[in-house]
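The primary structure of each chain is shown beneath.
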Amino acid sequence: MTLYSELQSNPEFAALRAESARLGSDPLQVQGPGGNTSIKSGDLMWVKASGTWLSDALTTDLFVPVYHEALAEALVADDGRADDVGPFTCREENPSGLRASIEATVHASMSARVVLHTHCVATIAAAVRTDAPAFVKSKLAGLPYAFIPYAKPGIDLARAIREHASAGTQILILGNHGLVTCGATVGEANGLLQDVSARLAPSSLAGSAGIDDAFQRRLSGSGWKPVPHGPTQQIAHDARLLTIADGRTLYPDHLVFLGPGVTMVREGEQLTDVLARAGQQQFPSKLVIVPDHGVAMPDTATASDIALARAFGDVLVRIAPQARVSRLSEDQEAELLDWDAEVYRQSLNKAGR
Ligand SMILES: [Zn+2]
């Protein structure tokens, strides 16, 4: 009997798969292959594989076994090998050869048995605020949480967690990133996740807009289409949301799937020129906003791209009117893309961004 078949008879693992599928099917928690869940059993931590979708957790084997204690020790020692979870994977128990996500380092940093990590849009809307630590404090009073300033997932984020969390911490609000909760059981971790999501949800949203017919006609034959989501279309029709959208990236998965920030069509620019430029630059921009008209993305957008384009609207309509936002710096964008910071800056300049 393999350890995996043993795990499959564990009711807590069955509960984790069911909850993972539920979270993965909720676009307000998880978009595309984002988010991950894990359970520790003996020496091994079973964590969602990179690139797989949590929504498939009931129908697919998507958990990868990782030696979590060895990984946690390497993180504490600032051992560079921990920036690639690969060396800590238990190959004998991983016949599918799937790779653990770099975010497995977050899971290994928490000693609790069950860890859930989502890109909850209400949490991101709070975690991108310049006053995020004070705002979160006002909403999560009494809960065992820690606010973790933005750090690149891997050794850097693990170090930030060590600096800001304590032994009893069960909730992490990751600055410009998302939510982590943990517990002895799936029920406990999920109870905290639902509680935090509800507390951080705003009482009202900025709104939702239909797809403008004239905008759709202008795009016809261009290789681009309106983003099929009311809150994302709303951005084009709301001066405050346009200001928030018009700048560098707010959180990592936006950059990874949609490119740096957004491309805004400025006064006097031709839409066709801007669309051509957005699609051809070194880091293609998959979200083009035409103020007062709509938000477009390429016809070739993948399901993941569409999920992230929808999430952009879901996050922005949840940012409170008086809030100011903090963005990833060019250096932080470059390190997420594994680019040399100077080369990255030059290519952005060339693209006129
Ligand atoms: Zn994440």
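A short tour of the structure in this document, coming up. (Residues numbered from 1 in each chain as written. Predicted model: local features only at pLDDT ≥ 70, side-chain atom pairs only at ≥ 80, totals over all residues. Heavy atoms only, no water.)

**A look at the packing of aromatic side chains**
Aromatic ring pairs: the centre-centre distance and the angle between the two ring planes describe each pair.
In step 1: Counted under the stated rule, the structure contains three aromatic pairs.
In step 2: Between Tyr4 and Trp46 the ring centres are 5.3 Å apart and the planes differ by 45°, which places this aromatic pair in the tilted class. Of this pair, Tyr4 sits in helix 1 (residues 3–8) while Trp46 is found in strand 2 (residues 44–48), placing the two residues 42 residues apart along the sequence. One exposure class covers both Tyr4 and Trp46, and it is buried. (Phe/Tyr/Trp six-rings, centres within 6.5 Å; stacked < 30°, edge-to-face > 60°. Helix = DSSP H or I, 4+ residues; strand = E, 2+ residues; numbered from the N terminus. Buried < 20%, exposed > 50% of the residue type's maximum accessible area, 1.4 Å probe, protein only.)

**Let's talk about the pattern of salt bridges**
In step 1: By the definition in use, this model includes 13 salt bridges.
In step 2: Arg99 serves as the salt-bridge partner of Asp84, at 3.1 Å between the closest nitrogen and oxygen. Of the two residues, Asp84 is situated in the loop between helix 3 (68–76) and helix 4 (104–109) and Arg99 in the loop between helix 3 and helix 4; the sequence distance between them amounts to 15 residues.
In step 3: When the shortest N-O distance is used, the salt bridge between Arg159 and Asp156 registers 3.4 Å. In this pair, Arg159 and Asp156 both sit in helix 7 (residues 155–164), three residues apart, roughly one turn of the helix.
In step 4: Look at Arg159 and you get partly exposed, because its relative accessible area is 28%.
In step 5: The class of Asp156 is partly exposed, set by a relative accessible area of 31%.
In step 6: Linked through salt bridges whose partners overlap, the residues forming this network are Asp78, Asp156, Arg159 and Arg162. (Salt bridge = Lys/Arg side-chain N within 4 Å of Asp/Glu carboxyl O.)

**Section: the coordination of the zinc ion**
In step 1: Only Glu103 (OE), Glu103 (OE), His117 (NE2), His119 (NE2) and His177 (NE2) from the protein coordinate the zinc ion, and they sit 2.0 to 2.8 Å from it.
In step 2: Read in sequence order, the donor residues coordinating the zinc ion give the pattern E-x13-H-x1-H-x57-H. You can see His117 sitting in strand 4 (residues 114–118) and its partner His177 sitting in the loop between strand 6 (171–174) and strand 7 (178–183), a full 60 residues away along the chain.
In step 3: Taking relative accessible area as the criterion, His177 reaches 4% and is therefore assigned buried. (Donors = N, O, S within 2.8 Å, 3.2 Å for Na, K, Ca; no water.)

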